[in-house]
Amino acid sequence: MGQYIARRLLQSIIVIIGVTLLAFLTLHLAGDPTYLYVSERASTEEIEATRVKLGFDKPLPIQYLNFLSGMTRGDLGLSLRSRQPALDMVLERLPATLELTLFAMLISTLLAIPIGIISAMRRGTPLDGGIMLFAMFGQSIPSFWLGIMLILFVGLTLRWLPISGHKPVLSLLFEGNVEQAIRNIPEAIRFLIMPAITIGVFSLSRNARLVRSSMLEVLSQDYVTTARSKGLKERAVIIKHAFRNALIPIVTMLGLEFGFLLSGVVVAETVFSWPGVGRLVFNAITQRDIPVVQAAVVLFSFLFIGLNLLVDILYARLDPRIRLR
Amino acid sequence: MVNPAISISLKQDVRRPSVWRRARFSLIRAKWPLVAIAILLVVTFCAAFGPLISPKDPNRQNLVLRLAPPFQVEGANPEFPLGTDGLGRDILSRLIYGARVSLLVGLTAVVIGGMLGTSLGVVAGYFGGRVDDIIMRIADVQLAFPFILLTIMVLVVLGPGIPNLVLVLGIGQWVTYARIARGQTISQREKEYVEAARSMGANHWRIMFRSILPNVLAPLIIISSFNVASVILSEASLSFLGLGVPPTVPTWGGMLAESRDQLLAGKWWLAVFPGIAIMMTVLAINILGDWLRDFLDPRLRGAGF
Amino acid sequence: MSKNLSRVVKLSLFALVIVMALPLLVSAQTPDENTLIIGQSVDVGQLDPATINSRAEANIFFHVFGTLFEIADTGELRPYLANAYTISEDGKEWTFTLNEGLTCHDGEALTAEDVAYAFDRAANPDNGFTGNTSGFVLPSIGFQGTRVEDELNVTIITDRYQTPNLRLALISEVYIHCKDAYEAMTLEESAQNPIGSGPYRFVEWIPDDRIVLERVEGYTLREANFQTQIWRVIPEASTRVAELIAGNIDVAANVPFDQSEAVNASGVAEVQAVSGTRRIYVGFQFGENFADAPGYDALQKTEVRVALQYAVDVPTICQTLLGTSCERASSMVNPPNNNPNLQPYPYDPAMAEELLDAAGYPRGENGVRFETVLMGPRGRYLNDANVVQAIAQYLTDIGVQTTVDIRDWADYSQLVRPKEVGPMFFLGTGGGTWSALYDMADLSGPTAGTNYTNWNNSEWFELWDSLADIRDAEEERAVVNQMLEIFYNDPPWLLLYFQPDFYGVSNRLNWNARRDEWIVIYNATLK
């Protein structure tokens with residue numbers, strides 16, 4: 001196991017270098033970012049001076065090597081726009097994005113499991129049909145549109161939930177302000193519901209269908225029949241055998257979903273004025289704030305790699321047939 | 001970082017001669033897939049014959065007639081049965097032309113991603129070792145790289161436009177295919193028929209793409225049907241962020257994105273018609289994908305997509 | 001077959017629903033009588049007063065920092081921290097006299113030394129500042145240095161004379177901050193932690209969410225009515241308007257005009273439309289690097305450029321795509337400083353066709369005179385992509401087959417600055433109401449950074465250079481009028497309009513939006 005993890009970590013370094021190189025080349029191939037940092041009425045000399053100030057006059061390989069050597073020291077550079085350490089800016093917004101994605105995942109998995117199970121148990125009934133139809137629709141609505149509709153109906157017409165904004169919980173926890181964090185929770189959930197649905201409805205629908213079909217499949221397997229015939233209670237059968245196996249596809253999705261989640265987050269954060277990483281990175285890209293983009297990319301690849309390692313270990317626990325190589 | 005689940009062996013043995021016949025039977029038994037096919041036929045017809053059946057030039061503007069409502073709603077203009085948009089363009093014509101772009105983007109992106117991913121996956125699974133390592137490391141880099149950034153890269157470096165959008169959406173999904181094709185190939189590699197081909201002196205390429213490929217295709221075809229739907233949705237999201245196709249090209253996603261300022265103003269027809277078009281198409285493709293999955297290989301239900 | 005299981009499932013579903021419904025019972029909060037909430041589409045990037053990269057930053061600085069003079073909403077220049085100024089014999093040294101008893105928010109006295117420091121700090125290349133102050137204001141006044149005369153008098157040394165309105169307007173964009181406070185901070189700290197000299201004190205900045213300001217008690221130069229200002233960031237326009245109608249914000253910037261009716265009908269807020277000062281135009285590219293581009297040769301001819309002025313129905317564009325009636329621009333200068341003798345080109349497509357026939361570009365067999373390309377940005381100016389498409393349609397209608405090339409603003413700005421846009425391009429540049437010269441400075445030389453078209457009319461540039469020696473206002477006016485006539489008759493721009501701005505304002509508020517895109521709101525009161 002230890003050897004396995006060591007090997008994986010080595011691979012991760014290669015991946016991180018690849019990721020940063022890709023991001024670096026991308027942003028530089030896209031043109032000279034200097035023009036975004038001068039006044040709209042700046043003269044040619046002022047533009048040239050700004051280019052030198054920002055370090056864009058050096059050859060690209062040098063710029064990249066400088067970045068890499070900084071990264072080994074944990075220094076990902078200063079944001080061109082705000083002069084703050086780029087990594088700090090990303091970390092500062094990470095809690096809000098984590099709250100959103102975790103809550104969305106909560107909705108999309110925790111709700112999907114009971115819904116999928118009910119649907120599988122009631123296979124062929126109108127309830128099953130209705131759930132599956134709803135799930136189909138959930139997979140065909142563009143998320144930004146759903147978000148705006150939620151704002152107009154739930155937020156504005158019905159006034160059930162706040163239209164936009166964010167109430168911090170995780171960032172307070174990280175600061176050690178536990179009391180205030182707990183006090184914020186009810187309000188924070190009110191702010192979370194609509195954006196989380198916007199991001200999560202696609203996964204919710206897909207996962208519900210996934211759970212349903214894998215439940216159906218697992219329930220017809222030999223070992224479930226065996227377990228039943230051994231006289232195990234139905235609930236035990238479901239929980240010990242069927243449910244456990246039905247979780248496998250969902251765990252697979254969790255690992256793969258992460259990359260896709262960010263683009264969903266960008267949309268939801270824009271629609272609901274959510275102060276998270278998605279918007280930060282999106283703005284940084286359009287402003288060619290290269291250090292911030294790099295910091296976010298590095299951080300996200302770390303998270304991605306960690307999450308996948310976790311998923312693989314989880315796998316091995318869920319399914320004894322799988323051996324970690 | 002290779003996902004072990006993929007290498008759970010998925011046995012199948014599709015007997016080709018009877019596939020079409022069985023498909024016909026299976027289709028006739030089920031109702032929904034038939035409806036889905038009907039919807040897709042209409043969309044495909046619009047896409048193919050758009051210029052012939054479209055009543056107007058989809059880009060012809062008429063500022064004075066902007067935001068005309070549809071049908072018989074008060075203030076409607078009979079010349080524009082589904083109303084006009086913010087520049088006074090005919091919504092019906094834009095919908096018909098939009099079918100072309102949405103389908104084109106969806107299908108081509110999936111074909112590009114599918115072909116690229118499948119070939120790389122088969123190669124990686126077949127040769128294993130260093131080749132496998134390199135291809136899978138590249139796949140890891142791509143997976144760890146936020147997709148939205150990749151999109152902007154391609155659209156900015158190569159410039160906006162449909163070909164580049166298709167390219168980036170295609171590149172965005174090759175990894176899924178590669179991983180599955182790789183896992184499937186590994187499970188097929190040691191089978192008797194492969195050994196037989198090898199002993200008969202077939203070269204690597206022949207074995208990979210003539211012997212193995214047909215046997216690993218089923219799950220890939222199913223995934224691609226779902227991916228067509230998700231690409232159509234991605235195009236809409238990118239339009240919302242201002243990264244889609246240029247505003248002169250009518251697409252459903254673009255129309256929906258442009259409509260968002262009009263929702264509060266009560267100009268519902270700008271959003272409803274492209275919205276219905278997207279939903280019906282995606283729904284139809286998903287239903288068809290479900291059927292295809294059940295038909296080709298019911299055991300794939302739990303395989304993770 | 002599984003009653004137990006379905007009970008478990010039902011229970012857990014029920015529990016989830018309850019958990020999600022609980023927060024619904026908590027009451028929502030709305031702005032109280034001491035708090036003013038403004039919704040803008042973008043956040044500030046940083047808060048160092050020597051670096052200004054956006055309107056959003058300037059709006060915050062205007063409330064947190066004082067300036068020597070200020071531009072009133074009427075366009076008139078008023079004393080602020082300073083109460084008087086004198087100009088040296090050669091016109092290059094301007095000495096300002098400060099009000100007595102000024103302080104910064106940390107309590108230290110604000111004196112001549114601090115004013116000098118604020119200018120020098122922005123100009124110091126070691127600080128590496130970018131943006132408006134160091135990149136535009138200081139070079140535009142030809143800043144050389146400062147001299148502290150005594151406690152209250154400070155001299156700004158420049159290399160040229162400028163007409164007072166222009167110079168004072170430029171100087172009123174330099175935000176004054178105290179030496180001791182800023183010397184104690186690193187550049188990293190000062191970008192997060194503004195220590196001001198204006199009517200509001202900075203409290204907190206939650207990036208991409210809000211900035212909170214608090215009134216400075218006992219500040220005498222300004223009468224600030226609300227104790228707290230919250231500047232929220234709400235990027236999506238529909239969300240901003242929904243918040244306004246729900247009564248959660250008092251002012252929403254950049255309201256899409258199609259939503260005006262919904263806002264006005266809500267009974268909660270009204271939309272204010274103001275005629276802005278930003279000049280929107282289509283530039284004709286004269287640069288040689290476009291020599292092979294379609295339509296380049298035709299557009300070099302003055303007659304063709306004049307003909308195209310008649311082809312575009314600007315009033316209709318304003319009415320339908322900008323949601324307001326507007327007067328078409330007759331020059332690059334904002335009224336009332338424009339040349340009153342010049343009449344805006346009317347919409348007259350027949351005239352345009354006639355002139356094009358005469359210029360040697362008759363319609364071909366397919367009805368096309370010549371083909372060309374119009375480039376434009378998306379997401380920068382009011383309804384920009386749609387206006388660009390509409391202009392292309394008007395040009396195509398008179399036989400100038402125009403293809404549209406629309407880019408994301410980040411890409412577009414990278415093409416505009418090195419002048420790599422053409423043969424026609426859509427652009428808007430900020431202007432002012434205080435001086436014609438400020439607006440004309442776009443074309444301060446054939447190679448000036450802001451002369452995006454590479455226009456090279458020698459008459460114009462000779463007259464521009466002659467302005468440097470004129471100190472008499474009437475004489476200056478005559479030259480300006482002459483120059484604007486040259487611009488009118490040999491147009492490097494297809495003249496369009498001054499961009500209107502739309503603000504949604506809560507009915508509980510007495511406040512009028514300004515023309516120049518500044519949100520100045522300390523003076524707002526409750527009704």
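Rules and cut-offs
- Residues numbered from 1 in each chain as written.
- Chains lettered and ligands numbered in written order.
- Predicted model: local features only at pLDDT ≥ 70, side-chain atom pairs only at ≥ 80, totals over all residues.
- Heavy atoms only, no water.
- Salt bridge = Lys/Arg side-chain N within 4 Å of Asp/Glu carboxyl O.
- Helix = DSSP H or I, 4+ residues; strand = E, 2+ residues; numbered from the N terminus.
- Buried < 20%, exposed > 50% of the residue type's maximum accessible area, 1.4 Å probe, protein only.
- Contact = heavy atoms within 4.5 Å.
- Buried area = accessible area lost by both parts, 1.4 Å probe.
- Polar contact = N/O pair within 3.5 Å; in protein donor to acceptor, adjacent residues only side chain to side chain.
- Nonpolar A, V, L, I, M, F, W, Y, C, P; charged D, E, K, R; others polar.
- Core = buried A, V, L, I, M, F, W, Y, C linked by side-chain atoms within 4.5 Å.
- Domains from an automatic or database assignment.
- Pairing = 2+ DSSP bridges.
- Axes fitted to C-alpha atoms, helices over the stretch in contact; angles between N-to-C directions.
- pLDDT = per-residue confidence, 0-100.
- Disulfide = S-S within 2.5 Å.
- Arc of directions from axis to C-beta.

### Side note on the pattern of salt bridges
Once the charged atoms of two side chains with opposite charge are near each other, the side chains can pair.
Residues and elements named next belong to chain A.
Then comes step 1: Taken as a whole and assessed by the stated rule, the structure comprises 38 salt bridges over all chains.
Then comes step 2: Close ionic contact of Asp 128 with Arg 212 constitutes a salt bridge, the shortest N to O distance being 2.8 Å. Of this pair, Asp 128 sits in helix H5 (residues 126-138) while Arg 212 sits in helix H8 (residues 178-219), placing them 84 residues apart in sequence. Like Arg 212, Asp 128 is buried.
Then comes step 3: Glu 179 is the partner of Arg 183 in a salt bridge, and the nearest nitrogen-oxygen pair spans 3.3 Å. Residue Arg 183 and its partner Glu 179 are both found in helix H8; the two are separated by four residues, about one turn of the helix.

### A word on the interface of chain C and chain B
Then comes step 1: If you look at the interface, chain C gives 27 residues, while chain B gives 22 residues.
Then comes step 2: Contact between chain C and chain B buries roughly 2,000 Å² in total, counting both sides, with carbon and sulfur atoms accounting for 52%.
Then comes step 3: Connecting chain C to chain B are three salt bridges.
Then comes step 4: With a shortest N-O distance of 3.2 Å, Asp 258 of chain C and Arg 66 of chain B are connected by a salt bridge.
Then comes step 5: Here chain C and chain B share 10 residue pairs in polar contact (both at pLDDT 80 or more) between them.
Then comes step 6: Here the element with the most residues in the side of chain C that touches chain B is helix H14 (residues 384-397) of chain C; it accounts for seven residues.
Then comes step 7: Among the residues forming the side of chain C that touches chain B, the class breakdown is 14 nonpolar, seven polar and six charged.

### A few points about the nonpolar core
Then comes step 1: With 288 residues, the main nonpolar core has Leu 308 and Met 440 of chain C as its most contacted residues.
Then comes step 2: Counting residues per element, this core draws most heavily on helix H9 (residues 204-240) of chain B, at 15 residues.
Then comes step 3: Each of domain 1 (2-72) and domain 2 (86-318) of chain A accounts for three or more of the residues forming this core.
Then comes step 4: Setting aside residues up to four positions removed in sequence, Met 440 of chain C forms contacts with Met 332, Val 333, Trp 460, Trp 464, Val 480, Met 483 and Leu 484 of chain C.

### Observations regarding the sheet that holds strand S5 (residues 93-98) of chain C
Strand pairing in a sheet takes place through backbone hydrogen bonds and is either antiparallel or parallel in direction.
Residues and elements named next belong to chain C.
Then comes step 1: As summarised here, the arrangement of the four strands in space is S4-S5-S7-S6, forming an open sheet in which the pairing is antiparallel. Across the chains shown, the open sheet's two edge strands, defined by having one partner strand only, are strand S4 (82-87) and strand S6 (143-148). Sheet twist, expressed as the mean angle between neighbouring strand axes with direction ignored, is 20 degrees.
Then comes step 2: As judged from the five bridges shared by S5 and strand S7 (residues 153-158), these two strands associate in the antiparallel manner. In the sheet register, Thr 95 faces S7, and the bridge partner there is Thr 155.
Then comes step 3: Of the strands in this sheet, S5, S6 and S7 are in contact with helix H3 (residues 112-123), which crosses S6 at around 160 degrees.

### Quick notes on unusual backbone geometry
Then comes step 1: With an omega of 5 degrees, the peptide bond between Pro 335 of chain C and Pro 336 of chain C qualifies as cis.
Then comes step 2: Positive phi values are uncommon outside glycine, yet Ser 273 of chain A reaches one of about 50 degrees.
Then comes step 3: Turning to its location among the elements, Ser 273 of chain A is positioned in the loop between helix H10 (234-271) and helix H11 (277-286).
Then comes step 4: Phi at Asp 208 of chain C is positive, roughly 65 degrees, even though this residue is not glycine.
Then comes step 5: Of note, Asp 208 of chain C is situated in the loop between strand S8 (200-206) and strand S9 (210-215).

### Here we look at the confidence of the model for chain B
Then comes step 1: Mean pLDDT over chain B stands at 79; residues scoring 70 or higher make up 86%.
Then comes step 2: Here residues 301-305 of chain B is modelled with pLDDT under 50, and outside its nearest four sequence neighbours on either side it reaches 15 contacts, counting other chains as well.

### Quick look at the pairing of strand S16 (residues 493-506) of chain C
Residues and elements named next belong to chain C.
Then comes step 1: Extensive coverage of S16 is indicated by the burial of 14 of its 14 residues.
Then comes step 2: As defined by bridge partners, strand S11 (residues 251-252) adjoins S16 across two bridges and the pair is classed as antiparallel. Residue pairing for S16: Val 251 is matched across the bridge by Val 505.
Then comes step 3: Both strand S12 (residues 269-284) and S16 contribute to a ladder of 12 bridges, which runs antiparallel. What sits directly across from Ser 275, in S16, is Pro 500.

### A look at the state of the cysteines
Residue and element names in this part refer to chain C.
Then comes step 1: Inspection of every chain in the model, using the stated rule, returns two disulfides over all chains.
Then comes step 2: In this model Cys 104 forms its disulfide with Cys 178; the gap between the sulfur atoms is 1.9 Å. With the S-S dihedral at roughly 85 degrees, the linkage between Cys 104 and Cys 178 falls on the right-handed side. Of this pair, Cys 104 sits in the loop between S5 and H3 while Cys 178 sits in the loop between helix H5 (164-171) and helix H6 (179-183), and the two are 74 residues apart along the sequence. Taken as a pair, Cys 104 and Cys 178 share a single burial class, namely buried.

### Quick look at the environment of Val 35 of chain B
All names here are of chain B.
Then comes step 1: By secondary structure assignment, the location of Val 35 is in helix H2 (residues 32-53).
Then comes step 2: Judged by relative accessible area, which is 39%, Val 35 ranks as partly exposed.
Then comes step 3: Here the alpha-carbon distance between Val 35 and Pro 81, two residues 46 residues apart in the chain, equals 25 Å.

### Re the sheet that holds S8 of chain C
Residues and elements named next belong to chain C.
Then comes step 1: Taken together, 10 strands build an open sheet; the order of strands is S8-S9-S10-S1-S11-S16-S12-S15-S13-S14 and the sheet is mixed. With partners counted over all chains shown, the strands left at the sheet margins are S8 and strand S14 (400-408), one partner each.
Then comes step 2: Pairing of strand S13 (residues 370-378) with S14, which is carried by nine bridges, proceeds in the parallel orientation. If you follow Val 373 over to S14, its bridge partner there is Thr 403.
Then comes step 3: Running over the sheet, helix H15 (residues 409-416) touches S13, S14 and strand S15 (424-429) and is turned about 115 degrees from S14.

### Quick look at helix H2 (residues 44-54) of chain A
Then comes step 1: Taken together, the buried positions of H2 of chain A are occupied by Glu 46, Ile 47, Thr 50, Arg 51 and Leu 54 of chain A. The arc that holds the buried residues of H2 of chain A, viewed along the axis, is 145 degrees, so those residues lie on one side.
Then comes step 2: Buried residues in H2 of chain A make contact with helix H4 (132-141) of chain C.
Then comes step 3: Following H2 of chain A by one or two positions, Gly 55 of chain A has its phi on the positive side, about 85 degrees.

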